[in-house]
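If you want the building blocks of each chain, they are given just below.
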Amino acid sequence: MLPRLTLVAALLVPCLAAAQSFAPAGWADELKLNEAVDQHPDPGIVEIDLVAKLADVQVDGKTVRAWTYNGSLPGPLVRTRVGDRLIVHFTNQLDQPTTVHWHGVRVPIDMDGVPDISQPEVRKGESFTYDFVVHDAGLYWYHPHVMSAAQVGFGLYGALLVEDPADGVSVDDQLTLVLSDIGFDARGVLEPADSGGSAGMVFGREGEFVLANGRRRPTLRARSGAPQRWRIVNAAKSRFFYLDLDGQPFTVIGTDGGFQETATRTDILLVTPGERIDVIVTPRGTAGTPLPLRAMLYNRGYGSVEYRAVEEVALIEFSSEPEVKAAPIATTRAMAAPSVVGATPVDVVLALPAMKNNKSEFQVNGVPFWKAKPYAAKLGEKQLWIVKNDSDWDHPFHLHGFFFHVIDERGQPVRPLALKDTVNVPMKSTIRLLIDFDERPGEWMFHCHILDHADGGLMGTVQVGDAPAKGHTHKPPY
Ligand code: C2O
Ligand code: CU
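Cut-offs used in this document
Residues numbered from 1 in each chain as written. Chains lettered and ligands numbered in written order. Predicted model: local features only at pLDDT ≥ 70, side-chain atom pairs only at ≥ 80, totals over all residues. Heavy atoms only, no water. Buried < 20%, exposed > 50% of the residue type's maximum accessible area, 1.4 Å probe, protein only. Helix = DSSP H or I, 4+ residues; strand = E, 2+ residues; numbered from the N terminus. Pairing = 2+ DSSP bridges. Phe/Tyr/Trp six-rings, centres within 6.5 Å; stacked < 30°, edge-to-face > 60°. Domains from an automatic or database assignment. Contact = heavy atoms within 4.5 Å. Buried area = accessible area lost by both parts, 1.4 Å probe. Salt bridge = Lys/Arg side-chain N within 4 Å of Asp/Glu carboxyl O. Axes fitted to C-alpha atoms, helices over the stretch in contact; angles between N-to-C directions. Polar contact = N/O pair within 3.5 Å; in protein donor to acceptor, adjacent residues only side chain to side chain. Patch = residues over 30% accessible without salt bridge, like charges linked within 9 Å, V, L, I, M, F, W, Y side chains within 5 Å. Areas by Shrake-Rupley, 256 points an atom, 1.4 Å probe, with all protein chains shown as cover. Donors = N, O, S within 2.8 Å, 3.2 Å for Na, K, Ca; no water. 1 Å grid on protein atoms, 1.4 Å probe; cavity = no way out; pocket = protein on both sides within 12 Å on 5 of 7 lines; lining within 4 Å. Points joined across faces, edges and corners; volume = space filled by probe spheres on them. Core = buried A, V, L, I, M, F, W, Y, C linked by side-chain atoms within 4.5 Å.

**Student:** So what exactly am I meant to see when it comes to the pairing of strand S25 (residues 404-407) here?
**Tutor:** Within a regular strand, the side chains alternate between the two sheet faces. Burial along S25 is two-sided: Phe404 and Val406 facing one way and His405 and Ile407 facing the other are all buried. Relative to strand S27 (residues 429-437), S25 runs antiparallel, the two sharing four bridges. Paired with Val406 across the strands is Leu433, a residue of S27.

**Student:** What is the right way to read the packing of aromatic side chains from this model?
**Tutor:** The geometry of an aromatic ring pair comes down to the distance between the two centres and the angle between the two planes. Using the criterion set out here, one finds 21 aromatic pairs in the structure. Pairing Phe128 with Tyr130 gives two aromatic rings, centres 4.6 Å apart and planes at 55 degrees, and the pair type is tilted. A centroid spacing of 5.0 Å and a plane angle of 70 degrees characterise the contact between Phe402 and Phe437, whose relative ring orientation is edge-to-face. Placement of Phe402 in the loop between strand S24 (395-399) and S25 and of Phe437 in strand S27 is noted, with a sequence separation of 35 residues between them.

**Student:** I would appreciate a short explanation of the domain arrangement of the protein chain in the present structure.
**Tutor:** Accessible area lost during the coming together of the parts is what is often quoted as the interface size. Assigned domains of the protein chain: these are domain 1 (33-163), domain 2 (174-333) and domain 3 (344-464). Taking only C-alpha atoms into account, the centre of domain 2 sits 25 Å from that of domain 3. Facing the 29 residues of domain 2 at the interface are 28 residues of domain 3. Carbon and sulfur atoms supply 56% of the area that domain 2 and domain 3 bury against each other, a total of about 2200 Å² over both sides. Broken down residue by residue, the surface that domain 2 buries against domain 3 is led by Met201, Val202 and Glu261, which jointly contribute 26%. Seen at the junction of domain 2 and domain 3, the total is six salt bridges. Between Arg415 and Glu261 there is a salt bridge; the shortest N-O distance is 2.7 Å.

**Student:** When you look at the sheet that holds strand S6 (residues 127-133) in this model, what are you seeing that I'm missing?
**Tutor:** Pairing between the strands of a sheet is mediated by backbone hydrogen bonds and can be parallel or antiparallel. Ordered by their spatial adjacency, four strands build an open sheet running S2-S1-S4-S6, and the pairing between neighbours is mixed. Two strands in the sheet have a free side with no partner beyond their single neighbour: strand S2 (62-69) and S6. Taken pair by pair, the neighbouring strands of this sheet meet at an average axis angle of 25 degrees, ignoring direction.

**Student:** In this structure, what is going on with the environment of Glu261? I would like to understand it.
**Tutor:** Assignment of secondary structure puts Glu261 in strand S15 (residues 258-266). When the C-alpha atoms of Glu261 and Val310 are compared, they prove to be 32 Å apart, with 49 residues separating the residues in sequence. Beyond its immediate stretch of four places on either side in the chain, Glu261 contacts Thr331, Thr332, Arg333, Met335, Arg415, Pro416 and Leu417. Within the structure, Glu261 has its side chain in polar contact with the backbone nitrogen of Leu417 (distance 2.8 Å).

**Student:** What exactly am I supposed to notice about a nonpolar patch on the surface here?
**Tutor:** Residues Phe203, Tyr302 and Tyr307 make up a contiguous nonpolar surface patch of about 420 Å² in total accessible area. Structurally, the position occupied by Tyr302 is in the loop between strand S18 (291-295) and strand S19 (311-318).

**Student:** What am I meant to see in the coordination of the copper ion (ligand 2) here?
**Tutor:** Each pair of donors in an ideal octahedron of six around a metal sits at 90 or 180 degrees, and each pair in an ideal tetrahedron of four sits at 109.5 degrees. All of the protein donors around the copper ion (ligand 2) are His395 (ND1), Cys448 (SG) and His453 (ND1); their distances to the metal are 2.0 to 2.1 Å. Along the chain, the residues donating to the copper ion (ligand 2) fall in the pattern H-x52-C-x4-H. Neither Cys448 nor His453 differs from the other in exposure class; each is buried.

**Student:** What should I look at first to understand the layout of surface pockets in this one?
**Tutor:** To locate leftover empty space, one rolls a probe as large as a water molecule over the atoms. Size it by volume and the largest pocket reaches roughly 570 Å³. If you go around the largest pocket, you meet 23 residues; those closest to its centre are Thr255, Gln260, Glu275, Val414 and Lys420. Elements with a contribution of two residues or more to the lining of the largest pocket: strand S14 (250-255), S15, strand S16 (268-271), S25 and strand S26 (422-425).

**Student:** So what exactly am I meant to see when it comes to unusual backbone geometry here?
**Tutor:** Most peptide bonds are trans, and most residues other than glycine sit at a negative phi. Here Leu73 and Pro74 are connected by a cis peptide whose omega angle stands at -5 degrees. In this structure, Pro74 sits in the loop between S2 and strand S3 (78-81). Cis geometry marks the peptide bond from Arg415 to Pro416; its omega dihedral reads -10 degrees. Turning to its location among the elements, Pro416 is positioned in the loop between S25 and S26. With phi around 50 degrees, Asn213 is a residue other than glycine that occupies positive phi space. Take Asn213: it is sitting in the loop between strand S10 (209-212) and strand S11 (219-222). The phi torsion at Arg440 lies on the positive side, around 55 degrees, for a residue other than glycine. Structurally, Arg440 is set in the loop between S27 and strand S28 (442-448).

**Student:** When you look at the nonpolar core in this model, what are you seeing that I'm missing?
**Tutor:** As a rule of thumb, nonpolar side chains are buried together in soluble globular proteins. Ranked by internal contacts, the top residues of the largest apolar core, which has 87 residues, are Trp102, Trp385 and Leu433. In terms of residues, this core owes the most to one element, strand S1 (residues 45-59), which gives six residues. Once you skip the residues sitting within four places of it in the chain, Trp102 turns out to touch Leu86, Val88, Val107, Met111, Asp112, Tyr130, Phe132, Trp141, Tyr142 and Leu160. Counting 31 residues, the second largest nonpolar core, distinct from the first, contains Ala28, Phe241, Val281 and Val313.

**Student:** Would you mind showing me how to read the pairing of strand S29 (residues 459-464) here?
**Tutor:** The buried fraction of S29 is high, at six of six residues. For strand S22 (residues 375-377) and S29, the ladder comprises three bridges, and the chain directions are parallel. The residue bridging Ala377 from the neighbouring strand is Val464, located in S29. In terms of strand pairing, S28 meets S29 through six bridges, oriented antiparallel. Residue pairing for S29: Gly442 is matched across the bridge by Val464.

As structure tokens, this is what we get:
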């Protein structure tokens, strides 16, 4: 009997201990996100206003006239619970058309925010109501789909958190981290979206100032040894975040579509544009010696490591309380391993042909987006997309509306299983995605989430189910 009792006690004690907050008071004040105000009395409905407009924001001690949602950079955190209905009354007060795309959310096609394809663009002074159910717990985000590289780069993005109150992660100290960057000059004037011309498009323009929740090098406070849960989204239009906590480990519990099958540990964490990661960190250190969260150099193509410096994203300061001894957090998610048997193979070749007339364009299967015809999938069809990157640049590949599993070269799903909507395709390599087009007919986009690359042609659509009678043209801007 004794061993069994001891085992039960050992399991219970760390759980109870971990359910409390350890972080010092005001620990995340410098990383506070504005939150959208829910105006609906029903607990199952979140109803908010969202306005795209220019606003003065403070970045690194400068006043910058940014493009914002509701006047803040990033836009407000939208907090929902899994299964909620989300109603967003959106108004465009910008001088150019825009839309809102709900990245990663399995919305119906008419809520997907792609102009001409899923809705008319929302012009200056106009409004549009987004209304859909959030079916999957996880961190998602929203951004425009018109002139995306420009509009996202100027500040239009925000996080959508879909919480599962029963997810069983007993970590009280939680943070949503929106990572991004922005470029502006000494007077605080935004860097033009076309800086560097065609070469700038090929490089993927990065803003000089790295931001965490809109702030440069904010400070976070922690008690040594106490777990914190960070849900991270990379909302930068081109920059990869390769995160390092001075070698201290990250426990990854989830990614784009919520928890992964099992937790994994890593010393360095790659978050490419559009991706999300759910991690437990247990920073260890002493008062007076801050621990930096750094963005290390990551080679995503020429110019991304040459003459570039490691950036400090945030600093963690420790309280002087004694170190906490908390049990490691592990999560699991029962997921059936998907099979490629019966899946239709689809080739997707990404390329950057040599410059013509001093211009570069990216192509998918030999054509840029403006010459592309939609791919096709029958409703209920399973497809294996073989995405081959022939170019010398990495491409974080994003599919709207559906999750996929990454499949290895032997046809087996990569473990731990995880639901992805964005995955990096390294230069000169091939990855395989298993997609179940099981529901929601419509024309869905896929593109590189280096938004300069998407604008440069690296984009396409897939028509799921029968095409609507009325066609459309793919005309810029997107
Ligand atoms: Cu974040 Cu077309 O996507
Ligand atoms: Cu790309």
